[in-house]
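# Architecture at a glance
Listed below are the residues making up each chain.
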Amino acid sequence: MWEDANRKQPPQPGAAAGGRAKKDRRRRAADLVLWVQILLCLAALGAAVAAKHLQWPVYRPLRTAFYRALEAPGLPLLDSERRLARFTQQTAAELRQAAQQVLAQLQGASAAETARTAHRTAQPQKTAPSGSSLESYLPPFALHFPLPGSHAGETSGYGWRIDPVGGEDEEFHTGADLPAAEGTPVYAAAGGVVRAAGAHNSYGNYLRILHQNGDETLYAHLQYLYVRPGQRVGAGQVIGASGQTGNVTGPHLHFELLHGGVRYDPSQALQQAAV
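Summary of the structure given here. The numbers attached to residues start from 1 for each chain and follow its sequence in the written order. Reporting in this predicted model follows two pLDDT cut-offs: at least 70 for local features of residues, and 80 or more for side-chain atom pairs to be given and counted; totals over whole chains, interfaces and linings ignore these cut-offs and use all residues. To get the side-chain values, take all heavy atoms of the structure and skip hydrogens and water.

## Description of the overall build of the chain
Across its full length, the chain holds five helices and twelve strands. In the chain, once contacts between residues fewer than 6 apart in sequence are set aside, the share between residues at least 24 apart is 63%. Accessible surface computed for the chain: about 17,000 Å², of which carbon and sulfur atoms make up 55%. The helix and strand labels rest on DSSP assignments: H or I over at least four residues marks a helix, E over at least two residues marks a strand, and numbering proceeds from the N terminus. In what follows, a contact means two residues having at least one pair of non-hydrogen atoms within 4.5 Å. Surface accessibility follows the Shrake-Rupley procedure with a 1.4 Å probe radius. Residue values consider only the protein chains on display as shielding.

Pasting the structure below:
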């Protein structure tokens, strides 16, 4: 009886099968982790190769991080699952750290550029020279557009610009340049008296007409003048022909608007002028 009671019982078939099943599940899980690690390693290598061929700025930090992981102690050969897993984890950590450093550098450069742009924008605007204003002006009477046809866009607006003739120095442009072929009729923008008509070093052949309220209009670079000083003209009357006399790079009409002897931006007044 005692001998029978102390005798070892043979293992049950069901228990042995359950143990093998658990071992198989652990092995499959380990294999899955291993393959995930291998894929992560290959993805890191692929990213480094792509960065090299596409000449991304992140390539150098990635290469340094990858070599640092290869040279880590305890990894002379990738001859076991544990070493491969540890190597992949370390490589991924190194690459992630390198990418974060590059991103921080790029964000810092972008912030610095934004600060520089804001600093440039914050600089005070240049003031107009004596006898000119940066503001627009609308005369109290209707204007007639000084050229035939519909309103043409300006080839050079009012205000500061690089001298189109010299090409280097900055100058204040006192009027609006309107495109016009040589010989195009030029109309008086409003009725008045011709105050000046003649030749000028910069304006070339030009006209200056005095209107009501002391306002004036000026027409420059004309090929021909059809009126003389002291002559009264009506709105829309032909007073000359456009050309390219004076300091110009091509034929056009230079138009100025003056109020109280001060030049103002004529763009708004020209847009509202009748054709």
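We are not done yet, so read on.
## Structural notes on the packing of aromatic side chains
Each pair of aromatic rings taken from Phe, Tyr and Trp, with Trp reduced to its six-membered ring, is defined by centres within 6.5 Å and is described as stacked if the planes are under 30 degrees apart, edge-to-face if over 60, and tilted in the remaining cases. One pass over the structure, following the stated rule, counts five aromatic pairs. With 5.2 Å between their ring centres and 85 degrees between their planes, Tyr 158 and Phe 172 make a pair best called edge-to-face. Separated by 14 residues along the polypeptide, Tyr 158 in the loop between strand E1 (132-136) and strand E2 (159-162) and Phe 172 in strand E3 (residues 170-173) bring together distant segments of the chain. The class of Tyr 158 is buried, set by a relative accessible area of 13%. Relative accessibility thresholds used throughout: buried, under 20% of the residue-type maximum; exposed, over 50%; partly exposed, between the two (1.4 Å probe, protein chains only). A relative accessible area of 11% places Phe 172 in the buried class. An angle of 35 degrees between the planes, with centres 5.5 Å apart, marks the rings of Tyr 203 and Tyr 206 as tilted. Summarising the burial analysis for this pair, Tyr 203 and Tyr 206 share the class buried.

## Observations concerning the nonpolar core
The nonpolar core is taken to be a set of buried Ala, Val, Leu, Ile, Met, Phe, Trp, Tyr and Cys residues, with the residues joined through side-chain atoms within 4.5 Å. Within the largest apolar cluster, 27 residues are counted, with the highest numbers of intra-cluster contacts made by Tyr 219 and Ile 239. Among the elements of the structure, strand E4 (176-179), strand E7 (204-210), strand E8 (216-225), strand E11 (252-259) and helix H5 (267-271) are those that each provide at least two residues to this core. The element contributing the most residues to this core is E11, with three residues. Residue contacts for Ile 239: discarding those within four places in its chain leaves Val 186, Tyr 187, Ala 188, Leu 207, Ile 209, Tyr 219, Leu 225, Tyr 226, Val 227 and Val 233.

## A short note on the pattern of salt bridges
Here, a salt bridge means any side-chain nitrogen of Lys or Arg that lies within 4 Å of a carboxyl oxygen of Asp or Glu. A complete count under the given rule lists six salt bridges for this structure. Notably, a salt bridge pairs Glu 171 with Arg 161, separated by 2.8 Å at the nearest N-O pair. Note that Glu 171 is positioned in strand E3 and Arg 161 in strand E2, a separation of ten residues in sequence. Judged by its relative accessible area of 24%, Glu 171 is partly exposed. Between Asp 177 and Arg 161 there is a salt bridge, and its shortest N-O distance comes to 3.6 Å. In this pair, Asp 177 sits in strand E4 while Arg 161 sits in strand E2, placing the two residues 16 residues apart along the sequence. The two residues Asp 177 and Arg 161 agree in class, both being buried.

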